[in-house]
Amino acid sequence: MPDHPAEPWRIKMIEPIRTTTREHREKALREAGWNPCLLRSEDVYIDLFTDSGTSAMSDRQWSALMRGDEAYAGARSFYLFEQAVRTHYGYEHVIPVHQGRGGENILSRCLIRPGSHVPGNMYFPSTRAHQELNGATFHDVIIDEAHDAADEHPFKGDVDLAKLRAVIAEHGAAIPYVSLAATVNMAGGQPISVANLTAACDLAHAHGIPVFLDTARAVENAWFVKQREPGWANHSIADILLALCAPTDGAVMSAKKDCLANIGGWIALRDPGLAEQARGLVLLYEGLHTYGGMAGRDMEAIAQGIGESVDEHHIRARIAQVEYLGHRLDTAGVPIVHPVGGHCVCVDATAVLDHLPRTELPGQTLAAAVYLEGGIRGVERGTVSAGRDPATGENRYPPLEFLRLAIPRRVYTQSHIDHVADTLVRVHKNRHDITHGLTFTHEPPHLRFFQARFAPAGGADIYDG
Ligand SMILES: *Cc1c(COP(=O)(O)O)cnc(C)c1O
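If you check an unreviewed UniProt entry, the chain appears there as Tyrosine phenol-lyase from Amycolatopsis japonica. Under the Sequence similarities (unreviewed entry) heading, UniProt states for the chain: "Belongs to the beta-eliminating lyase family."

The following block contains the structure:
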């Protein structure tokens, strides 16, 4: 049993949640086109759809909301927010956006042209979608171990420097920037080491190519660096966070993750010229450059949340709760991605439902089964999320296809997590009762996993005997 510290907080306010009957869930899921994303939240008991914007704010954050300065221009809350980002992430120019994808849109529009090539350590759906929308071709330069669910590599978010070198050799001048993430969400919340991130930046910089970091979960990444990377055990999380950002040229942030806020984000840059250009686009797409689509109170909550996010007690308990779920599933023989990542446990759907063909979308099918069994909502990360290749129009079948169970921060108790584990163990034990997978009945062109609808392939139900 790994170290599992008790929560470093107590509950001051509660939000009722309800269990439902299997019959209720069957009806709700059918109405949602077998896509848990389309369920109403009140039909879900434990919502592990995402850790994005779903964290519980602290009493200090709630009181900070009341101090929000809602001035259109130059709000005090903006300067507080700007200072918190500068202090903890170390970038000079801080440009607020309404959430991470607002920043991705603006960075992509500033730097990408048709024919551009963008290398990255795997990809995040909205990040790659913005890059492709602006005409770039994405190149995955993550290490091979990241694509192997069983490999225990401690830094599965690392860049394969040989792959990066090869993309630079082939596309050199057509690479506007390298797009790195800490941690790598699509690999299951896997960290990148400070040494590898620094080496990747050195390589890119030697060719005059800037590097932008997706810092949505860089604090969680810092925790893994402290645990696993030689030389960092005695450094604070705050120091490691600065060390991760230091070699990069800027960052795009979704404050809905590490920052313990419900909405918000920023672009952070070192180059004043690029910052000027980005501010110009923020005016068009987000809001004035001192609020960027956020209310003053949102910036207050983020400023307070940044400070709480680097607290060692917080981050240790946060990651330990995720590890606890992973440990329970491991012990029961449910196949999961190893090592367990920072924000989620990923169940290997192709291993659980190895009797279904990939065309019957085992990840999506497992998501449906887990909802029916225990009222738990997870999300598919596999074929449905990967979308179609823009060049060929063919479905992409990534090597990994899993059901991601993302854990909101400071929201669920250990008994909730036990309910999740018990449900998964039952679904796994009875997996051969699942006789049909799912196929699309409606397929949207962009980020299709959010709004797609499905039907059981060749049957009325996925449990069709
Ligand atoms: C959530 C997320 C984004 C996008 O941010 P939003 O706030 O959802 O728009 C980008 N990258 C990563 C790694 C994320 O987890």
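Residues in contact with the ligand, as listed here, are Q99, G100, R101, E104, F124, S126, N185, D214, R217, S254, K256 and K257. One of the side-chain N or O atoms of K257 is found 2.6 Å from an oxygen atom in the ligand. The protein chains hide 96% of the 380 Å² of surface that the ligand would expose on its own. The element that contributes the greatest number of residues to the shell around the ligand is helix α4 (residues 100-111), accounting for three residues. Its residues assigned to classes, the shell around the ligand comprises one nonpolar, five polar and six charged.

Further remarks concern the UniProt feature "domain: Aromatic amino acid beta-eliminating lyase/threonine aldolase" (unreviewed entry) in the chain. Annotation from UniProt places "domain: Aromatic amino acid beta-eliminating lyase/threonine aldolase" (unreviewed entry) at residues 47-422. As annotated, residues 47-422 has a helix share of 44% and a strand share of 12%, and its two end C-alpha atoms lie 15 Å apart.

Our focus in this paragraph is the domain arrangement of the chain. When cut into domains, the chain gives domain 1 (22-51 + 312-455) and domain 2 (59-309). The C-alpha-based centres of domain 1 and domain 2 are spaced at 26 Å. In this complex, domain 1 contributes 32 residues to the contact, which on the side of domain 2 involves 38 residues. The junction of domain 1 with domain 2 conceals about 2800 Å² of combined surface from both sides, 56% of it contributed by carbon and sulfur atoms. When the area that domain 1 buries against domain 2 is broken down by residue, the three leading residues are E312, I315 and P339, summing to 19%. Scanning the region where domain 1 abuts domain 2 turns up six salt bridges. In this structure, the salt-bridge partner of E312 is K226, at a minimum N-O distance of 3.6 Å. Counting every contact that joins domain 1 to domain 2 gives 15 residue pairs in polar contact (both at pLDDT 80 or more). Looking at the side of domain 1 that touches domain 2, the elements that each hand over two or more residues are α12 (312-331), β9 (344-348), α15 (383-386) and β12 (402-406). No other element matches the six residues that α12 contributes to the side of domain 1 that touches domain 2. Class assignment of the residues belonging to the side of domain 1 that touches domain 2 gives a composition of 15 nonpolar, seven polar and ten charged.

The next subject is the UniProt feature "modified residue: N6-(pyridoxal phosphate)lysine" (unreviewed entry) in the chain. When the UniProt feature table is mapped onto this chain, "modified residue: N6-(pyridoxal phosphate)lysine" (unreviewed entry) is found at K257. Locating K257 in the fold gives a position in the loop between β7 (250-254) and β8 (265-269). Assessed through its relative accessible area of 8%, K257 is described here as buried.

Okay, the pairing of β12 next. Counting buried positions along β12 gives five out of five residues, so the element sits mostly inside the fold. Here β12 shows no split at all, with F402, R404 and A406 on one side and L403 and L405 on the other all buried. Sheet topology note: the strand β11 (residues 379-381)/β12 ladder contains three bridges and is antiparallel. The residue of β12 that forms the bridge with V379 is R404.

Before going further, it helps to spend a moment on the layout of surface pockets. Space inside the largest pocket adds up to approximately 1500 Å³. Per-element tally for the lining of the largest pocket: the top contributor is helix α2 (residues 59-66), with three residues. Summarising the domain contributions, the lining of the largest pocket has at least three residues from each of domain 1 (22-51 + 312-455) and domain 2 (59-309). For the lining of the second largest pocket, the secondary-structure elements that each account for two or more residues are α4, α5 (125-133), β5 (178-181), β7 and β11. With four residues, the single largest contributor to the lining of the second largest pocket is α5. In terms of residue class, the lining of the second largest pocket is made up of 18 nonpolar, 13 polar and eight charged. If you count residues domain by domain, the lining of the second largest pocket takes at least three from each of domain 1 (22-51 + 312-455) and domain 2 (59-309).

Once that is clear, we can look at the sheet that holds β11. Strand order across the open sheet formed by three strands is β9-β12-β11, with antiparallel pairing between neighbours. Each edge of the open sheet carries a strand with a single partner, namely β9 and β11. Looking at each pair of strands side by side, their axes are set apart by 35° on average, direction ignored. Lying on the sheet, α12 is in contact with β9 and β12; it crosses β9 at an angle near 25°. Packing of helix α14 (residues 362-374) onto the sheet brings it into contact with β9, β11 and β12, and relative to β12 it is tilted by some 50°.

Tallied over the full model, the rule gives four cavities of 30 Å³ or more. There is about 130 Å³ of room inside the largest cavity. Lining the largest cavity we find 14 residues, and of these E7, W9, A317, R318 and Q321 sit closest to its centre. Across the lining of the largest cavity, the residue classes break down as seven nonpolar, three polar and four charged. Roughly 110 Å³ of internal volume is contained in the second largest cavity. Along the walls of the second largest cavity sit E104, L107, S108, T127, Q131, Y177, S179, L180, F212, L213, D214 and V252, which together make up its complete lining.

Definitions and cut-offs
- Residue positions within a chain follow its written sequence, with the count starting from 1.
- Side-chain atom pairs in this predicted model are given and counted only at pLDDT of 80 or more, local residue features only at pLDDT of at least 70, and totals for whole chains, interfaces and linings cover all residues.
- Excluding hydrogens and water, the side-chain figures rest on all heavy atoms present in the structure.
- UniProt positions are given in the numbering used here, feature names are shortened, and annotations may be inferred rather than shown by experiment.
- Think of it this way: one heavy atom of a residue within 4 Å of a molecule or strand is enough to make that residue near it.
- What qualifies as a polar contact is a pair of N or O atoms within 3.5 Å, subject to a donor-acceptor requirement within protein and to the restriction that residues adjacent in sequence count only when both atoms come from side chains.
- In short, Shrake-Rupley with a 1.4 Å probe defines the accessible areas, and a residue's cover is counted only from the protein chains shown.
- Starting at the N terminus, helices and strands are each numbered in turn, a helix being any DSSP run of H or I of at least four residues and a strand any DSSP run of E of at least two.
- Think of it as three bins: nonpolar holds Ala, Val, Leu, Ile, Met, Phe, Trp, Tyr, Cys and Pro, charged holds Asp, Glu, Lys and Arg, and polar takes everything else, Gly as well.
- Residue ranges for the domains trace back to a domain assignment, done automatically or taken from a database.
- It only takes one pair of heavy atoms within 4.5 Å for two residues to be counted as in contact.
- As a working definition, buried area equals the accessible area (1.4 Å probe) given up by two parts on being put together, with both sides summed.
- Every case where a carboxyl oxygen of Asp or Glu lies within 4 Å of a side-chain nitrogen of Lys or Arg is listed as a salt bridge.
- Throughout, exposure labels follow a simple rule: accessible area from a 1.4 Å probe, protein chains only, divided by the maximum for the residue type, with under 20% read as buried, over 50% as exposed, and the rest as partly exposed.
- Two strands pair if DSSP finds at least two bridges between them.
- For cavity detection a 1 Å grid was placed over the protein atoms alone, and a set of points counts as a cavity when a 1.4 Å probe fits there but cannot get out; an open set counts as a pocket when protein lies on both sides within 12 Å along at least five of seven lines, with lining residues being those that have an atom within 4 Å of a point.
- Grid points are joined across faces, edges and corners, and a volume is the space filled by probe spheres set on the points.
- Lines are fitted to the C-alpha atoms to define the axes, a helix being fitted only along its stretch in contact, and any angle between axes, read from their N-to-C directions, falls within 0 to 180 degrees.

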